[in-house]
Amino acid sequence: MTLTPLLAFGSSGQQTRAVDPYPTDRIIVRYRDHAAARKSADAARLASRQVMDVALQRGLGARQLRTDGRGAQVWAVDRKMAYEEALALAQRISGANPEVEYAEPDLIMRPTLVPNDPLYAFQPNLSPSLPGINAPAAWDRARGAGVVVAVVDTGYRPHVDLAANLLGGYDFVTLPFWGGAVNPNDGDGRDGDARDPGDWCVSDPNRQTSSWHGTHVAGTIGALTNNGLGVAGVAHGARILPVRVLGMCGGYTSDIADGIQWAAGAPVAGVPDNTTPARVINLSLGGPGACNYTYANAIDSARLRGAVVVVAAGNSGTDAANSAPANCPGVVAVASLDASGARSWFSNHGPTVALAAPGENVLSTYNSGTTVPGSDTYDYSSGTSMAAPHVAGVAALMLSANPFLRVDAVTSLLRSTSRPFPAACMGCGIGIVDATAAVNAAVSYGAANPIAQSSFFVQQLYYDVLKRKPDTSGWNYHLGLLNACNGDPTCVASTRATIALDMLRSPESQSMYPELNPSSPNYDDAFLNHVYWKFLQRTREPDGVLFWYRYLLDTGDYRGVVNGLITSSEYRQRFGP
């Protein structure tokens, strides 16, 4: 079964696009692992001919550019296509050859920025007062030492208040073909120089100046501190790994996905191995559309290698379920707050969002150049791009304080230690990130896996399914059910599965995800999508989902599916050994 990108995860939010993705001139095609096209040169040529013929039937020239880090082919066509046209082409390519696992548009992403010294006094975003992230007391216990944070963005400028914390990084922006919708602007393609030459976009009247976006984001995370100069970084003891994936006018999903994998230490064809893998990856970028296979696979790969993936929720002022990669499983999507602690007017929101952080008028490292690089400076910027690095920096502090934390232990502690909103913030996630509380919780977490504890299990269900902290009545009710088992393991396992299924089917859950109403069309498909996403924090794999489809067909036992996932070693290992 081949799913289109819009149906990949069965979420009603993802099936309804508030805004169409940007036009693109590339398509991603992946053949199944057993496909003949992977095994013989003749079959590969025939498969390529099929792709070119399908494109030609639609009046398009097509040429294969490269193979990406997930074993998929990246194809260029000779003109930009609107999203619907690119999606139709991908569907035709998939339909023409049953050996195609998936074909999808190579969507273009952009920085999630709203453009707008001792300078620490001008950084209320770091202060203990809400909506600040309460950083100073956290620095008494951890400053990020020993942790690498990847900034997957426009690259960097060697700013004097940042350069000492920078690692070499890599430039993943590929050279255009047939003109191309994105240009690397540095005269070459992929190489070891991740410096930002400027990302102004001549074809876009709203983006005529360079954003120096990666430098600003990197400074929020890792600007030098206590050096008598400029601004302070959240995790100023960490090392910043710049991964350039955005050039002039944005960046392709295929380049961004390769950058994500490489940042986490996964091999990418044609690129030297990353010898300094990141434990935290910041993605202050995005665009309209579903979380497609390319993003989902790259993020799964990064998480499996121990990287916490933090993503800006997006700046469309709409449901973040319509913004990739914020809508991907396993990421920490971050909304933006204004100075009062209310949701910023531009910030995306909704159940997809995990946390919020300051995102308006954030002061950080910058460059004075209008288009090409000028001199070092500092400047204010606004956007969910500015909110996300606060959370990435706090994650780095936590991992510095306790290097043994698993990815989902970090995300669970970020949620549990968050502070309540001082102003209206509907759809902003569980709370405001609190650096001091998060670091203290990381130190206390210990080496033991807490998922066997009923209190931790129930709390995590609320985070995973209802996207909020437990209310007192719900907390007491669910713990009472488990305590009534008196430690009997069979009773505990059965009761846990019942609680999880009831929570999935609750009116609150169905209000967020209408497709989880058992009477809705394609309920089984939606149910399996959600249990994989919520309990394993990833997309479903073909063999596993086929097993569970057959199980449901034979038994109709939805609780059995839930029990199978929440008793699996994969579920347990989310939180510890």
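Participant: So, the environment of Ala342: which residues are in play, and what are the values?
Facilitator: Position of Ala342 relative to the elements: it lies in the loop between strand 14 (332-337) and strand 15 (355-358). Accessibility expressed as a relative area gives 14% for Ala342, which makes it buried. For the pair Ala342 and Pro131, spaced 211 residues apart in sequence, the C-alpha to C-alpha distance is 8.6 Å. Not counting residues up to four positions away in its chain, the partners in contact with Ala342 are Ser336, Leu337, Ala423, Ala424 and Cys425.

Participant: Could you give an account of the packing of aromatic side chains, naming the residues involved and the relevant values?
Facilitator: Enumeration according to the criterion identifies 12 aromatic pairs in this entry. Between Phe547 and Trp548, the aromatic rings sit 4.9 Å apart at their centres with planes inclined by 80 degrees, giving edge-to-face as the arrangement. We classify Trp548 as buried; its relative accessible area is 12%. Taken together, Tyr170, Phe172 and Trp262 form an aromatic cluster joined through their ring pairs. Here the basic side chain of Arg110 rests over the ring of Tyr22, its NZ or CZ set 4.2 Å away from the ring centre.

Participant: Go over helix 11 (residues 472-483) with me, naming the residues and quoting the values.
Facilitator: Relative to the 16 Å expected for 12 residues at 1.5 Å per residue, helix 11 spans 16 Å between its end C-alpha atoms, a close match to the ideal helical length. Gly474, His478, Leu479 and Leu482 are the residues of helix 11 that are buried. Taken end-on, helix 11 shows its buried residues confined to a sector of 120 degrees, consistent with a single buried face. Among the exposed residues of helix 11, those pointing more than 90 degrees away from its buried face are Thr472, Ser473, Tyr477 and Asn483. Lining the buried residues of helix 11 we find helix 10 (454-466) and helix 12 (489-504).

The rules we used
Residues numbered from 1 in each chain as written. Predicted model: local features only at pLDDT ≥ 70, side-chain atom pairs only at ≥ 80, totals over all residues. Heavy atoms only, no water. Helix = DSSP H or I, 4+ residues; strand = E, 2+ residues; numbered from the N terminus. Buried < 20%, exposed > 50% of the residue type's maximum accessible area, 1.4 Å probe, protein only. Contact = heavy atoms within 4.5 Å. Phe/Tyr/Trp six-rings, centres within 6.5 Å; stacked < 30°, edge-to-face > 60°. Lys NZ or Arg CZ within 6 Å of the ring centre and 35° of its normal. Expected span 1.5 Å × (residues − 1). Arc of directions from axis to C-beta.

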